[in-house]
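One-letter residues, chain by chain:
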Amino acid sequence: MIKTSLLILGSLISVITNLDAAQLNLDTQKIAVSGLSSGGYMANQFHIAHSKWVDKVGIIAAGPYYCANNSIKEALEKCVNKSTETTNKHLFHQANNYAQSGDIDPLENIANSKVWLLRGIKDKTIAPEVNQALFTQYQNWLNEAHLKFITVQPFGHHFPTLANGTKCDVSEPPFIGNCNYDAAGEMLSYLYGSLAPRVTETTGKLQQFDQHSLGGDSAQSLAKDGFAYIPKTCQQGEMCNIHVHFHGCQQNLETIGTQYITQNGINNWADNNHLIVIYPQTKNSIFMPLNPQGCWDWWGYTDDKYATKKGQQVMAIKNIVTSFSSKIKIGE
């Protein structure tokens, strides 16, 4: 399945080899992050760790910062499909401790962010109490005028789209829902404000890059290759912004090829709006660190600093983003 997907999309994917090609012109002063499920947890903890840098956040089907408390047992008992009350008081205390030690940016920075949250009412993977705890956490950190929480749509546990994926009330791989609902557009329009219309057919380039090279030693729990969607305007040297999107469990290249990257609808909006979308990729592992479903680390499988600036995956993503402009060059 993966080989077939890559062959079909071969004409769209360019491995970076031409060092004399045009260099990207990126605004890296502020960036946006988003994600689904484990990718939503990752987007949240990357935001909290780097709130001075990240000012736009979109999260689908995830819970509050440090929900798992560095424990897979607590992750399963409090942060997924169980209704055990999430201990918000403890989570706020931990965030404050991290801020005081400098492991995350000062929490006051979060007030300058815009945050968009979504939970489908037919989501049987993440309990509503868990999603509510994330909303409540953000309510304490930023003005509600900058916070939107959508909870009335009949979606399963997936990324809702206009026409791609499985039935809307079904939660199964590739976790893309055919819901006649443009979650990508709703999210991006809220985060960025007025946007040019989405395109039906994308015209940009899906570019492959070496995550280990750009991410450094901290990228060892990631797959070798990541992807970036680069619109034509960005290829031609116009100033573009960066949006990092984190896939969920069982959605990485190793498991479903590039289906999630090409079918969630984000690229259709990026095309006309000067947005480069970086899609970092995890890898599956049946050994230590144990991660058989290719999830992002939101419970501590890489290290106990996973939710801070010192976390392996947080550091890797920062390295990738900050080196993207200088090291990624677009061939003719």
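The structure displayed is predicted, hence computed values, not measured ones. (Residues numbered from 1 in each chain as written. Predicted model: local features only at pLDDT ≥ 70, side-chain atom pairs only at ≥ 80, totals over all residues. Heavy atoms only, no water.)

## Some words on the pattern of salt bridges
Item 1. For the coordinates displayed, the defined rule picks out nine salt bridges.
Item 2. Linking Lys56 and Asp55 is a salt bridge whose minimum nitrogen-to-oxygen distance equals 3.3 Å. Each member of the pair, Lys56 together with Asp55, is buried.
Item 3. A salt bridge links Asp182 to Arg198; its shortest N-O distance comes to 3.7 Å. Residue Asp182 is found in the loop between β9 (176-178) and α6 (183-192), and its partner Arg198 is found in the loop between α6 and β10 (205-210); the two are separated by 16 residues along the sequence.
Item 4. Three or more residues joined by partner-sharing salt bridges are found here, namely Asp103, Lys305 and Lys310. (Salt bridge = Lys/Arg side-chain N within 4 Å of Asp/Glu carboxyl O. Buried < 20%, exposed > 50% of the residue type's maximum accessible area, 1.4 Å probe, protein only. Helix = DSSP H or I, 4+ residues; strand = E, 2+ residues; numbered from the N terminus.)

## Points about helix α5 (residues 128-139)
Item 1. In this model α5 runs 16 Å from its N-terminal to its C-terminal C-alpha over 12 residues, within 8% of the 16 Å that 1.5 Å per residue would give.
Item 2. Of all the positions in α5, only Val130, Asn131, Ala133, Leu134, Phe135, Gln137 and Tyr138 are classed as buried. (Expected span 1.5 Å × (residues − 1).)

## Things to note about the environment of Asn69
Item 1. Its location among the elements puts Asn69 in the loop between β4 (54-60) and α3 (72-78).
Item 2. With a relative accessible area of 22%, Asn69 lands in the partly exposed category.
Item 3. Asn69 sits 231 residues away from Gly300 along the chain, and the two C-alpha atoms are 8.3 Å apart.
Item 4. Contacts of Asn69, omitting those with residues within four sequence positions, involve Glu74, His90 and Tyr306. (Contact = heavy atoms within 4.5 Å.)

## Quick look at the sheet that holds strand β7 (residues 159-161)
Item 1. Taken in spatial order, the three strands line up as β7-β9-β8 in an open sheet, and their pairing is parallel. Looking at which strands have only one partner, the edges of the open sheet turn out to be β7 and β8 (166-167).
Item 2. For β8 and β9, the ladder comprises two bridges, and the chain directions are parallel. Looking at the pairing, Lys167 lines up with Asn178 of β9. (Pairing = 2+ DSSP bridges.)

## Quick notes on a nonpolar patch on the surface
Item 1. There is a patch of nonpolar side chains on the surface, built from Ile286, Phe287, Met288 and Leu290 and spanning about 530 Å² of accessible area.
Item 2. Locating Met288 in the fold gives a position in the loop between β13 (275-279) and α12 (312-327). (Patch = residues over 30% accessible without salt bridge, like charges linked within 9 Å, V, L, I, M, F, W, Y side chains within 5 Å. Areas by Shrake-Rupley, 256 points an atom, 1.4 Å probe, with all protein chains shown as cover.)

## Focus on the state of the cysteines
Item 1. Per the counting criterion, the structure on display carries four disulfides.
Item 2. Through a disulfide, Cys67 is tied to Cys79; the S-S separation comes to 2.1 Å. Its torsion about the S-S bond being -105°, the disulfide of Cys67 and Cys79 is classed as left-handed. Linking Cys67 in the loop between β4 and α3 with Cys79 in the loop between α3 and α4 (88-101), this pair joins segments that are 12 residues apart in sequence. Considered together, Cys67 and Cys79 belong to a single accessibility category, that of buried residues.
Item 3. For Cys249, the disulfide goes to Cys295, at an S-S distance of 2.0 Å. Given an S-S torsion of about 120°, the disulfide between Cys249 and Cys295 has right-handed geometry. Of this pair, Cys249 sits in the loop between β12 (240-246) and α9 (253-256) while Cys295 sits in the loop between β13 and α12, and the two are 46 residues apart along the sequence.
Item 4. Judged by relative accessible area, which is 17%, Cys249 ranks as buried. (Disulfide = S-S within 2.5 Å.)

## A closer look at unusual backbone geometry
Item 1. For the bond running from Pro173 to Pro174, omega is 10°, close enough to zero to count as cis.
Item 2. With respect to the helices and strands, Pro174 occurs in the loop between β8 and β9.
Item 3. Cis geometry is found at the peptide bond from Met288 to Pro289, where omega equals -5°.
Item 4. By the element assignment, Pro289 lies in the loop between β13 and α12.
Item 5. Here Phe175, not a glycine, exhibits a phi torsion of approximately 60°, which is positive.
Item 6. Looking at where Phe175 falls in the secondary structure, it is placed in the loop between β8 and β9.
Item 7. Judged by its relative accessible area of 12%, Phe175 falls in the buried class.

## Structural notes on the environment of Ile110
Item 1. Position of Ile110 relative to the elements: it lies in the loop between α4 and β5 (114-118).
Item 2. Given a relative accessible area of 0%, Ile110 falls into the buried group.
Item 3. Sequence separation of Ile110 and Asn140 is 30 residues, and the distance between their C-alpha atoms is 9.8 Å.

## Regarding the confidence of the model for the protein chain
Low pLDDT means the predicted coordinates in that region are not meant to be read closely.
Item 1. When pLDDT is averaged along the protein chain, the result is 90; 89% of the residues meet or exceed 70.
Item 2. Taken together, the stretch residues 1-21 has pLDDT below 50 and engages in 35 contacts with residues farther than four places along the chain or on a different chain. (pLDDT = per-residue confidence, 0-100.)

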